[in-house]
Amino acid sequence: MASLTSGKEIWFVTGSQHLYGEAAIRQVGENSEQIVKSFSHAASIPIPVVFKPVMTTPDAIYRLCIEANASESCIGIITWMHTFSPAKMWIRGLRLLNKPLAHLHTQFNRELPWSSIDMDFMNLNQAAHGDREFGFICARMRLKRKVIVGHWQDKEVLEKIGTWARAASAWADAQGMRIARFGDNMREVAVTEGDKVEAQIKLGYSVNGFGVGDLVGFIEKVSDAEIAALVTTYQDQYSVSFTDAAQKNSVKEAARIEIGLRNFLDDGGFKAFTTTFEDLYGLVQLPGLAVQRLMADGYGFGAEGDWKTAALVRSMKVMGEGLAGGTSFMEDYTYDLSAGDQKVLGAHMLEVCPSIAEGKPSLEVHPLGIGGKAAPARLVFNGSAGPAIVASLIDMGNRFRMVVDDIDVVAHPPMPKLPVARVVWKPRPDFRTAAAAWILAGGAHHSGYSRALTAEHIEDYTEIAGIEFLHINKNTCISEFKKEIRSNEVYYLLESGR
Ligand code: MN
């Protein structure tokens with residue numbers, strides 16, 4: 001798959017006014033251009049940042065916002081008030097701006113020139129109050145935005161811009177995103193259900209169902225030569241130790257499913273998909289290896305019809321592109337409740353993305369107790385250790401809620417009889433608090449798991465989307481978390497009434 005963010009850009013917009021004379025405006029523009037140039041060399045900012053002319057009138061601001069809205073390439077704008085820019089000038093433009101907004105609160109000069117500072121210096125370097133004027137109008141208009149504070153060369157500032165740029169990129173990717181569901185939900189399951197119309201209105205993606213027979217049509221067209229070539233790729237990429245003819249046949253069937261599924265998705269322009277083991281009519285085995293490899297190529301996936309998690313995994317893939325660590329569909333599967341050392345074992349029946357693997361995955365064929373189909377091929381591996389997040393998007397009826405937990409993936413003893421990919425982690429702040437908070441919040445058993453992203457990526461995404469964000473982290477305490485849930489109930493009830 002091509003770069004998930006190619007052709008995208010962020011606009012850098014500097015505010016000023018005509019009060020200071022042409023020379024000062026020119027200086028403001030030059031300084032802004034220098035900042036933009038330094039951003040384009042920053043490794044932590046993955047999207048090109050484009051300089052826009054200094055804004056000094058309501059009409060120019062209005063036109064710029066219209067252009068940003070209409071631009072296919074612009075995924076968001078960064079604003080900065082180098083000098084004072086009376087903020088009533090911004091109202092008409094900001095009223096209709098529909099691209100993500102980040103407000104950079106910086107100053108061109110890092111240090112005060114103590115011995116030479118005069119009124120000219122003060123008048124040029126007045127973001128300290130120019131950005132407060134702009135902040136007021138954003139607050140007054142209840143605009144969703146990220147405020148980033150610090151000198152423009154600071155590592156933390158560059159990282160925060162990069163994090164927001166990744167979230168904006170995922171947002172752009174989700175607008176018009178098509179998600180295919182093969183079959184419906186796993187029967188009687190609640191948390192994987194939700195309002196698909198509301199999701200399209202609020203989050204931008206469309207979710208539509210397809211008969212498994214439509215997929216089978218694509219799978220039947222796959223040639224033996226294509227299958228043989230893909231099996232060779234498997235042998236190159238994974239450890240393969242079996243020689244049994246039935247197992248070899250199973251791998252060939254998995255290759256057939258992968259090619260057919262990939263063709264179906266590419267033919268329809270789908271970025272994410274779901275399957276369900278209760279609806280596999282015409283498929284020889286549950287798609288395991290195929291799903292794992294498609295996820296590794298950037299497709300979103302949710303099992304048992306879980307389209308919200310499929311969309312979330314895709315968005316997390318876009319946010320994490322180029323970062324080390326990987327992103328996958330995940331499920332809290334079972335626990336180690338050893339006193340004082342409780343851990344979660346995350347896995348799924350088959351569908352865990354090898355981008356999160358420690359070392360080379362092993363390609364194996366084992367019977368599956370669920371689904372009543374032939375023994376499916378799958379990649380077996382351990383997840384790499386280190387800090388990670390799990391995120392869950394649920395439908396609360398009147399709003400979407402995102403729950404994120406910071407976790408630490410840990411090493412563990414071998415599990416020679418468990419033939420699926422697995423990850424073992426300790427949730428923050430501790431197992432008892434994290435699991436209680438997650439359950440109080442209604443977080444799903446399914447999640448998007450990432451070692452590439454932090455909770456800040458997801459927080460920025462939810463800010464852009466205007467949905468609820470609950471973060472379980474090292475500081476979480478249950479009584480405060482319950483208060484946050486209760487106050488959010490009031491907030492979203494009132495917000496939706498506007
Ligand atoms: Mn599941």
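Preceding this section is the structure that the text describes.
Residues numbered from 1 in each chain as written. Predicted model: local features only at pLDDT ≥ 70, side-chain atom pairs only at ≥ 80, totals over all residues. Heavy atoms only, no water.

A.B. asks: Tell me about the layout of surface pockets, residues and numbers included.
C.D. replies: Space inside the largest pocket adds up to approximately 480 Å³. Together, 22 residues line the largest pocket, and L97, R142, L143, K144 and I464 are the ones closest to its centre. Listed by contribution, the elements that provide at least two residues to the lining of the largest pocket are α6 (155-174) and α14 (455-465). Class assignment of the residues belonging to the lining of the largest pocket gives a composition of 10 nonpolar, 2 polar and 10 charged. Considering only enclosed or pocket space, the second largest pocket measures out at about 290 Å³ in volume. S71, C74, K99, A172 and Q175 are, among the 13 residues lining the second largest pocket, the residues nearest its centre. Within the residue set of the lining of the second largest pocket, elements represented by two or more residues are α2 (58-70), β3 (74-80) and α6. Split into classes, the residues belonging to the lining of the second largest pocket amount to 6 nonpolar, 4 polar and 3 charged. (1 Å grid on protein atoms, 1.4 Å probe; cavity = no way out; pocket = protein on both sides within 12 Å on 5 of 7 lines; lining within 4 Å. Points joined across faces, edges and corners; volume = space filled by probe spheres on them. Helix = DSSP H or I, 4+ residues; strand = E, 2+ residues; numbered from the N terminus. Nonpolar A, V, L, I, M, F, W, Y, C, P; charged D, E, K, R; others polar.)

A.B. asks: Got a sec to walk through the packing of aromatic side chains? Specific residues and values, please.
C.D. replies: Counted under the stated rule, the structure contains 17 aromatic pairs. Between F182 and F264, the aromatic rings sit 5.0 Å apart at their centres with planes inclined by 65°, giving edge-to-face as the arrangement. One end of the pair, F182, is in strand β6 (residues 178-182); the other, F264, is in helix α10 (residues 245-268), with 82 residues separating them in the sequence. One exposure class covers both F182 and F264, and it is buried. Taken together, a centroid distance of 5.2 Å and an interplanar angle of 70° make the contact between F218 and F264 edge-to-face. Here F264 lies in helix α10 and F218 lies in helix α8 (residues 212-220), a separation of 46 residues in the sequence. Residue class for F218 comes out partly exposed when judged on its relative accessible area of 21%. Judged by its relative accessible area of 6%, F264 falls in the buried class. The rings of F182, F210, F218, F264 and F270 are connected pair by pair, giving a single aromatic cluster. (Phe/Tyr/Trp six-rings, centres within 6.5 Å; stacked < 30°, edge-to-face > 60°. Buried < 20%, exposed > 50% of the residue type's maximum accessible area, 1.4 Å probe, protein only.)

A.B. asks: Tell me about the pairing of strand β17 (residues 422-427), and name the residues and values.
C.D. replies: Extensive coverage of β17 is indicated by the burial of 5 of its 6 residues. Two elements, strand β12 (residues 343-347) and β17, share 4 bridges in a ladder whose sense is antiparallel. Among the inter-strand pairings, V344 is bridged to a residue of β17, identified as W425. (Pairing = 2+ DSSP bridges.)

A.B. asks: Account for the side chain of T476, naming residues and giving values.
C.D. replies: Structurally, T476 is set in the loop between β19 (468-472) and α15 (478-496). The class for T476 is buried, based on a relative accessible area of 13%. A polar atom in the side chain of T476 sits 2.8 Å from the backbone nitrogen of N473. If we ignore the near neighbours within four places in the chain, the residues touching T476 are P429, T433, A437, H471 and F481. (Polar contact = N/O pair within 3.5 Å; in protein donor to acceptor, adjacent residues only side chain to side chain. Contact = heavy atoms within 4.5 Å.)

A.B. asks: Before we move on, could you go through the coordination of the manganese ion and cite the residues and values that matter?
C.D. replies: Put simply, a metal with four donors set out as a tetrahedron has ideal angles of 109.5 degrees, and one with six donors set out as an octahedron has ideal angles of 90 or 180 degrees. Taken together, the protein ligands of the manganese ion are E304 (OE), E331 (OE), H348 (NE2) and H446 (NE2), with distances of 2.1 to 2.2 Å. Here the donor residues for the manganese ion map to a single chain with the spacing E-x26-E-x16-H-x97-H. Highlighted residues: E331 in strand β11 (residues 327-336) and H348 in the loop between β12 and β13 (362-365), separated in sequence by 17 residues. (Donors = N, O, S within 2.8 Å, 3.2 Å for Na, K, Ca; no water.)

A.B. asks: Go over the pattern of salt bridges with me, naming the residues and quoting the values.
C.D. replies: In the structure shown here, the tally under the stated rule is 23 salt bridges. Here R401 makes a salt bridge to E468, at a shortest N to O gap of 3.0 Å. Residue R401 is located in strand β16 (residues 400-409), and its partner E468 is located in strand β19; the two are separated by 67 residues in the primary sequence. As far as the burial class goes, R401 and E468 line up, both buried. It is possible to trace a salt-bridge network through shared partners that takes in K146, K160, E456 and D460. (Salt bridge = Lys/Arg side-chain N within 4 Å of Asp/Glu carboxyl O.)

A.B. asks: Give a description of empty space enclosed by the protein that names residues and reports values.
C.D. replies: One simple way to see leftover space: roll a probe sized like a water molecule over the atoms. By the definition in use, this model includes 3 cavities of 30 Å³ or more. Each pocket or cavity is described by its volume, and for the largest cavity that value is around 50 Å³. Lining of the largest cavity is provided by Y205, K308, A311, L312, S315, L393, M402 and Y461. For the lining of the largest cavity, the leading source of residues is helix α12 (residues 307-319), giving 4 residues. Taken together, the residues of the lining of the largest cavity sort by class into 6 nonpolar, 1 polar and 1 charged. Its volume calculated, the second largest cavity comes out at about 40 Å³. Taken together, F182, V212, L215, T275, T276, D279, L280, L283 and P287 form the lining of the second largest cavity. In the lining of the second largest cavity, the residues fall into 6 nonpolar, 2 polar and 1 charged.

A.B. asks: So what's going on with the pairing of strand β18 (residues 446-450)? Residues and values would help.
C.D. replies: By the criterion of burial, β18 is predominantly enclosed, with 5 of the 5 residues buried. Of the two faces of β18, both are covered, the one formed by H446, G448 and S450 as well as the one formed by S447 and Y449. The pairing of β11 with β18 spans 5 bridges and is antiparallel. Directly across from T327, in β18, lies its bridge partner S450. One ladder, built from 3 bridges, connects strand β15 (residues 386-395) with β18; its direction is antiparallel.

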